Amino acid sequence: MKKIGIISDTHGLLRPEILGILKGCDCIIHAGDVNKPEILDTLRMMGSIYVVRGNNDKDWAEGMAKTLHFTIEGVKFFMTHNKHTHKYFEKMIDNRLWLNPGSCGPRRFDQEITMAVMTVDNGTYQWEKVAMIPEK
């Protein structure tokens, strides 16, 4: 069994609350718009990381994949940054989970700061939305 932290749109900011959650995870999925390579350096120190390039990841991220296919504990993943709205979204479509963890970087407009945590085990999975209120 593995616990996965799923984040996106850090836009150069790793909030302490997010780091606290990610430290308890076996691996991390970052769905793009990292904005600073130092963010990935920090995440790599915590364990395995899967990351795709977002539309705001500039020259430093040229070699980063725009899409990824991978499997964790028998669960297949496809990840990309396109159609990213910074809003949390989850929906089962044709027996597949479509998940957008939302944005956990700087607050955008009045949107929630969100991420997801998923547990995978032998081809099965469960997930939960994690929402937090940023400091004012």
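All figures in this text were calculated on a predicted structure; none of them were measured in a lab.

Enquirer: Residue-level account of the overall build of the protein chain, with values.
Expert: Within the protein chain one finds two helices and nine strands. Moving toward the C terminus, one meets the helices and strands of the protein chain in the order β-α-β-α-β-β-β-β-β-β-β. Taking 2.2 N^0.38 as the reference for a compact globule, 136 residues should give roughly 14 Å; the C-alpha atoms of the protein chain span a radius of gyration of 14 Å, in line with that estimate. Dimensions of the protein chain, computed from C-alpha atoms along their principal axes, come out at roughly 40 × 35 × 30 Å. Relative to its 136 residues, the protein chain shows a buried fraction of 44%. If you sum the accessible surface of the protein chain, you get close to 7,900 Å²; carbon and sulfur atoms cover 49% of it.

Enquirer: Tell me about the packing of aromatic side chains, residues and numbers included.
Expert: For any pair of aromatic rings, the description rests on two quantities: the centre-to-centre distance and the angle between the ring planes. All chains considered together, the criterion is met by three aromatic pairs. Taken together, a centroid distance of 4.0 Å and an interplanar angle of 10° make the contact between Tyr-50 and Phe-70 stacked. In this pair, Tyr-50 is assigned in strand β3 (residues 48–51) and Phe-70 in strand β4 (residues 67–72), connecting sequence segments 20 residues apart. Here Tyr-50 falls in the partly exposed class, since its relative accessible area comes to 23%. Look at Phe-70 and you get buried, because its relative accessible area is 10%. When the ring of Tyr-125 is compared with that of Trp-127, the centres are 6.0 Å apart and the planes differ by 35°; the resulting orientation is tilted. Of the residues examined, Tyr-125 reaches a relative accessible area of 27% and is grouped as partly exposed. Under the relative-accessibility criterion, Trp-127 is labelled partly exposed at 27%. One aromatic cluster in this structure is built from Tyr-50, Phe-70 and Phe-77.

Enquirer: Go over the pairing of strand β5 (residues 75–80), please, and point to the residues and values.
Expert: Every other side chain in a regular strand lies on the same face of the sheet, so the side chains alternate between the two faces. Residue alternation in β5 divides its side chains into a buried set, Val-75, Phe-77 and Met-79, and an unburied set, Lys-76, Phe-78 and Thr-80. Relative to β5, β4 runs antiparallel, the two being bridged by six bridges. Looking at the pairing, His-69 lines up with Phe-78 of β5. The hairpin turn running from β4 into β5, its antiparallel successor, is two residues long, and Glu-73 in that turn takes a positive phi close to 50°.

Enquirer: So, the sheet that holds strand β8 (residues 113–121): which residues are in play, and what are the values?
Expert: Strand order in the open sheet formed by five strands is β3-β2-β1-β8-β9, with mixed pairing between adjacent strands. Each edge of the sheet is formed by a strand with only one pairing partner; in this case those strands are β3 and β9 (124–132). Averaged over all pairs of adjacent strands, the angle between strand axes in this sheet comes to 20°, irrespective of strand direction. Relative to strand β2 (residues 27–30), strand β1 (residues 2–7) runs parallel, the two being bridged by four bridges.

Enquirer: Tell me about helix α1 (residues 16–23), and name the residues and values.
Expert: Buried within α1 we find Ile-18, Leu-19 and Leu-22. Seen end-on, α1 carries its buried residues on one side only, within an arc spanning 100°. The exposed residues of α1 that point more than 90 degrees off its buried face are Pro-16 and Lys-23.

Enquirer: Go over unusual backbone geometry with me, naming the residues and quoting the values.
Expert: What you tend to see is this: most non-glycine residues have negative phi, and most peptide bonds are trans. Even without glycine at this site, His-11 takes up a positive phi of about 45°. Within the chain, Asn-122 stands out as a residue other than glycine whose phi angle is a positive 50°. Summarising the element assignment, Asn-122 is placed in the loop between β8 and β9. Judged by its relative accessible area of 68%, Asn-122 is exposed.

Calculation notes
Residues numbered from 1 in each chain as written. Predicted model: local features only at pLDDT ≥ 70, side-chain atom pairs only at ≥ 80, totals over all residues. Heavy atoms only, no water. Helix = DSSP H or I, 4+ residues; strand = E, 2+ residues; numbered from the N terminus. Rg over C-alpha atoms; globule rule 2.2 N^0.38 Å. Buried < 20%, exposed > 50% of the residue type's maximum accessible area, 1.4 Å probe, protein only. Areas by Shrake-Rupley, 256 points an atom, 1.4 Å probe, with all protein chains shown as cover. Phe/Tyr/Trp six-rings, centres within 6.5 Å; stacked < 30°, edge-to-face > 60°. Pairing = 2+ DSSP bridges. Axes fitted to C-alpha atoms, helices over the stretch in contact; angles between N-to-C directions. Arc of directions from axis to C-beta.

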